[in-house]
Every structure is written in C-alpha cells, then in structure tokens.
Amino acid sequence: MKWRTTIIMRNAASDLPDRPRPQVTMAQGGGERQHPRNLQGVLRMAVEAGSAADGPAPSEPMSEERKAWLREALAELCHGQRDEVEQMKECLAVLRRGLGGGEDVCEDEDEDEDGVEAALELLSELCENLDNARDLMALGGLDLCLSRCLSHRRGEVRWRAAQLFASCAQNMPEVQCYLLQQEALLRLLRLTDTDEHPTVRVKALYAVSCLVREQEAGLRAFLSHDGFSVLMRGMQSDNEKLRTKSAFLLLNLLTAYPEHRDTVLSMGMVQQLVSVLRSPHSPFHEHVLGALCCLVDECPRGVRDCREPALGLGELLKHRAEELEGRPESQEELEFCERLRAACFQGQLPDDNGMDR
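For every chain, the first residue of the written sequence is number 1, and numbering continues from 1 onward in sequence order. For this predicted model, a pLDDT threshold of at least 70 governs which residues receive local features, and a threshold of 80 or more governs which side-chain atom pairs are given and counted, while totals over whole chains, interfaces and linings are taken from all residues. Derived side-chain values reflect all non-hydrogen atoms in the structure, with water molecules and hydrogen atoms excluded from consideration.

As annotated in an unreviewed UniProt entry, the protein chain carries the name Hsp70-binding protein 1 and is attributed to Scleropages formosus. UniProt positions are given in the numbering used here, feature names are shortened, and annotations may be inferred rather than shown by experiment. Of the protein chain, the UniProt comment under Subunit (unreviewed entry) reads exactly: "Interacts with the ATP-binding domain of HSPA1A. Detected in a ternary complex containing STUB1, HSPA1A and HSPBP1. Interacts with PGLYRP1; this interaction blocks the cytotoxic activity of the PGLYRP1-HSPA1A complex."

Here we look at the overall build of the protein chain
The numbering of helices and of strands both runs from the N terminus, where a helix is a DSSP run of H or I of at least 4 residues and a strand a run of E of at least 2. Broken down by element type, the protein chain carries 19 helices and 2 strands. Relative to its 357 residues, the protein chain shows a buried fraction of 47%. Whether two residues are in contact is decided by their heavy atoms: any pair within 4.5 Å suffices. Counting contacts in the protein chain only where the partners sit at least 6 residues apart, residues at least 24 apart contribute 71% of the total. Of the roughly 18300 Å² of accessible surface on the protein chain, 50% is carried by carbon and sulfur atoms. For the exposure calls, accessible area comes from a 1.4 Å probe over protein chains only, and a residue counts as buried if that area is under 20% of its type's maximum, exposed if over 50%, partly exposed in between. Only the protein chains shown count as cover for residues, and the accessible areas themselves come from Shrake-Rupley with a 1.4 Å probe.

Looking at the packing of aromatic side chains
Centres within 6.5 Å are what make two rings of Phe, Tyr or Trp a pair, Trp counting through its six-membered ring; a difference in plane orientation under 30 degrees is then read as stacked, over 60 as edge-to-face, and the rest as tilted. Evaluated as defined, the whole model comprises 1 aromatic pair. Between Phe222 and Phe228 the ring centres are 5.2 Å apart and the planes differ by 85°, which places this aromatic pair in the edge-to-face class. Of the two residues, Phe222 and Phe228, neither departs from the other in class, the shared state being buried.

Things to note about the environment of Met232
Locating Met232 in the fold gives a position in helix H12 (residues 227-235). On a C-alpha basis, the gap between Met232 and Asp193 in space is 9.9 Å, while along the polypeptide they are 39 residues apart. Sequence-distant contacts of Met232, that is, excluding residues within four places in its chain, are made with Met269, Gln272, Leu273 and Val276.

Points about the pattern of salt bridges
Only one rule defines a salt bridge in this text: a Lys or Arg side-chain nitrogen within 4 Å of an Asp or Glu carboxyl oxygen. Under the definition given, this model contains 14 salt bridges. Across the salt bridge formed by Glu117 and Arg160, the nearest N and O atoms sit 3.6 Å from each other. Taken together, the positions of Glu117 in helix H4 (residues 109-126) and Arg160 in helix H7 (residues 155-169) put the pair 43 residues apart, joining distant regions of the chain. On the basis of relative accessible area, Glu117 is assigned to the buried category, the value being 10%. Owing to a relative accessible area of 11%, Arg160 belongs among the buried residues under this scheme. Of the charged contacts, one joins Glu323 and Arg320 as a salt bridge, the two residues approaching to 3.7 Å between their closest N and O atoms. With a gap of 3 residues between them, Glu323 and Arg320 both fall in helix H18 (residues 313-324), about one helical turn apart. A single salt-bridge network, built from bridges that share partners, covers Glu117, Glu121, Arg154, Glu156 and Arg160.

A look at the environment of Gly227
As for its position among the elements, Gly227 is in helix H12. With a relative accessible area of 0%, Gly227 lands in the buried category. Gly227 sits 23 residues away from Leu250 along the chain, and the two C-alpha atoms are 9.8 Å apart. Once you skip the residues sitting within four places of it in the chain, Gly227 turns out to touch Leu189 and Phe222.

Description of the nonpolar core
Ranked by size, the top nonpolar core spans 99 residues in total, and within it Leu95, Phe222 and Leu273 carry the most contacts. When neighbours within four sequence positions are excluded, Leu95 is seen to be in contact with Val116, Ala119, Leu120, Leu123, Leu144 and Cys145. Throughout, nonpolar core names a set of buried Ala, Val, Leu, Ile, Met, Phe, Trp, Tyr and Cys residues whose side chains join them through atoms within 4.5 Å.

Concerning unusual backbone geometry
Positive phi values are uncommon outside glycine, yet Glu214 reaches one of about 55°. Mapped onto the fold, Glu214 is located in the loop between helix H10 (198-212) and helix H11 (216-224). For Glu214, a relative accessible area of 77% puts it in the exposed group. Despite not being glycine, Glu298 shows a phi value in the positive range, around 55°. Checked against the element boundaries, Glu298 lands in the loop between helix H16 (285-296) and helix H17 (300-306).

With respect to H12
Burial runs high along H12: 8 of the 9 residues are buried. Buried within H12 are the following residues: Gly227, Phe228, Ser229, Val230, Leu231, Met232, Gly234 and Met235.

Remarks on the packing of helix H6 (residues 141-149) against H7
Packing of H6 against H7 brings their axes to within 10 Å, and their N-to-C directions diverge by 150°. If you check the angle between H6 and H7, you find them roughly antiparallel. Along this stretch, H6 crosses H7, giving a crossing that reads as left-handed. Across the interface between the two elements, Leu142, Cys145, Leu146 and Cys149 from H6 touch Val157, Arg158, Ala161, Leu164, Phe165 and Cys168 from H7. Residues were grouped as follows: Ala, Val, Leu, Ile, Met, Phe, Trp, Tyr, Cys and Pro as nonpolar; Asp, Glu, Lys and Arg as charged; and all remaining residues, including Gly, as polar. Partitioned by chemical class, the residues of the contact of H6 with H7 number 9 nonpolar, no polar and 1 charged. In this description, a line fitted to the C-alpha atoms serves as the axis of each element, helices being fitted only across the stretch in contact, and the angle between N-to-C directions of two axes falls anywhere from 0 to 180 degrees. With respect to orientation, any angle under 35 degrees is reported as roughly parallel, any angle over 145 as roughly antiparallel, any angle of 65 to 115 as roughly perpendicular, and every other angle as oblique. Take the far helix as the reference: if the near one is turned anticlockwise from it by less than a right angle, the crossing is left-handed, and if turned clockwise, right-handed.

Structural notes on the confidence of the model for the protein chain
What pLDDT reports is the predictor's confidence in each residue, on a scale of 0 through 100. When pLDDT is averaged along the protein chain, the result is 81; 72% of the residues meet or exceed 70. The secondary-structure element of the protein chain with the lowest mean pLDDT is strand S1 (residues 25-28), recorded at 37, while H10 shows the highest, at 98. A low-confidence stretch, residues 348-357 stays under pLDDT 50, and its non-local contacts, those more than four residues away or across chains, total 22 contacts.

Overview of the packing of H7 against helix H8 (residues 173-181)
The contact between H7 and H8 brings their axes to 8 Å, and the two run at 135°. On the basis of the axis angle, H7 is oblique to H8. Side by side, H7 and H8 meet where Phe165, Cys168 and Ala169 of the first sit next to Val175, Gln176 and Leu179 of the second. Looking at the contact of H7 with H8, its residues break down into 5 nonpolar, 1 polar and no charged.

Given below as structure tokens:
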C-alpha cells in the first residue's frame, strides 16, 4: 500500500509554502515590482499603504491593474489556505490508519509507519503557519498525536510528534494553553528525561521550551513537575545536543524569571553546574557560566554558594579565563567567566547585611 506514503510525499514536494511559485509582477515607476504571495506579505503591504495614507493624498485613484492584482492575491491566498487544510485532513487520515485508529488498517506495518512519519513531518511544516496550527487543534490532530504518537514504539514517530507540538506551540498562546491543559508538558518532560532514543529527548525538550518560554502558565507547570531537575540531568547526559539545549533553556529561564533563583539554588544547582564545568570543555559551557552569572546577580545566597571552598570555583575560573584568552570564538564565554569572577571573588556583591564581603 505504497500510495499512502506517495501521496504525502507528493503533497510535501508540491504544496509546501517554500515551493517556488510564479511571481505576479506589476509595472510601477518604470520597473517590475514583485508582490508578496502570503498572508504576512499582504498584511505588510496593508501596513505600508496605511502609513502612506498619513502623508499627502495620492494624486490618482488606485489603478484597475492594482485592484486586479489585489483581488487575485487575496483569492489565491484563501485558496492556498483551503488547500493546506485539506492536506492536514489527509495527513490525519493517514495517521489514523497507520496508528490503528480506523477500519482501513494497512497490512504492511513497516510501510504504514513510514506513512505516519511522512504525515507528521508534513504537518510540522504546515503548522509553522499559525493559522494551520490552530486549525490542526480544531481538527483533533493534537489530541490524536498526544494519545497515539508520543507513546509509539518507534522513536522516529515519537520525535516527529514532539517536533509537531513544538511547531504548533511556538508563538501560539492558544495552542500552548490547550496542550498545557492536556498535560502535554509532563509527558514531554518525561520523554526528555528518560527516553532511550537520543533524538526523542532533544525534540521533546524543544517542545518543552516552546511551552514554557514567555508563558506564565507553562512556567508554573514546569516548576510543579520539577522541570529544573530535568534540565540539570540533561546537562549531565552524554547527549551533546541535549546538554546544549538544556543549558540554554536554563539560562533563558533564569534571565527571564530571576524571581525563581531561590528555587534553583535550594536544589544545589550551583554545585551541580560547577561539576558540569569540570567536565571536558564544550561550547555549551558558555550557557552554564551564563546561568551561574544569573544566580549571583544581586543574590548574596548565590554568591555564598559559589564561594564554597570545596568547590574550588575561583581557581577553575582563573584557569578557564587563561585558556579562553585570545580565542575570538569564545569571547562570550570569557565575558561570563570574568563577570562571575568579579561578582564572587572580588567582593563586588553585598552580603545580606548590605556590607561588602
């Protein structure tokens, strides 16, 4: 039953937004001007037209050529959106068949799963469009993937489902809130923490990031599920991508929400981060040093933890700074290193009683 995979891949090749399309041009000012072929481009043109309206009134009314182009562009835009909705419906039909959720179940299990993977990939690309992400939610696609894909026996299906959630949730509060209500965050954190497939862990953490960054409800759920501990274990794993993304998300959250430093410090995070810094040097150490800087910024408790003699952090930072000196690619890491040394070992931060230490 190869037609299922073939249909999905043919659609992916022929109908994705980045497929080259014939450009509609209009002569203006003696030259050829290309016009946008998507919603963002049309909206940008409308904004520009509105700004121009604030200036002197045009000497001539809109030409018939321009009116015709606008009608054609809007008609194609609406038609394209309908086409993408139909593609999503077709993908969901393939998922239901491939996941055993319907009567038409494929006899060739391997080929059926190939169709599932292709359908998930196409949905991820389509849902980079925010309207499509909302439509997929309305079509029941998120529920289907939550119930059937995140727990699928094949890691290739699990990571593609996590990637789809990331595509849908990114910059889309409506989808974020829905996924949080469905306890998707807890499941994604568990995949990040324990899944045996390395790509699943990385993609699941990406989806977690899309649910908690600049999302208050997501951050509260993240805290309630001990998400910082998941990040800490991610930084201690042997998966380089997972270490990097865990450290980056930790740095981002501490930068955006400094009020949660005490929670992190009470977990012994300083000691854990210093332990990570003692591992063989890696580019993600830049994010680790940045997180430590966040933990000591106007925070005496963080400074005290860093000054613990048993950690030997002062000597570690001194040697690290010497190693990074003169390496342009490590400039930001060096700056974090120097900031941390100044904050903790040159008496620049006050103690609880307001006196320098």
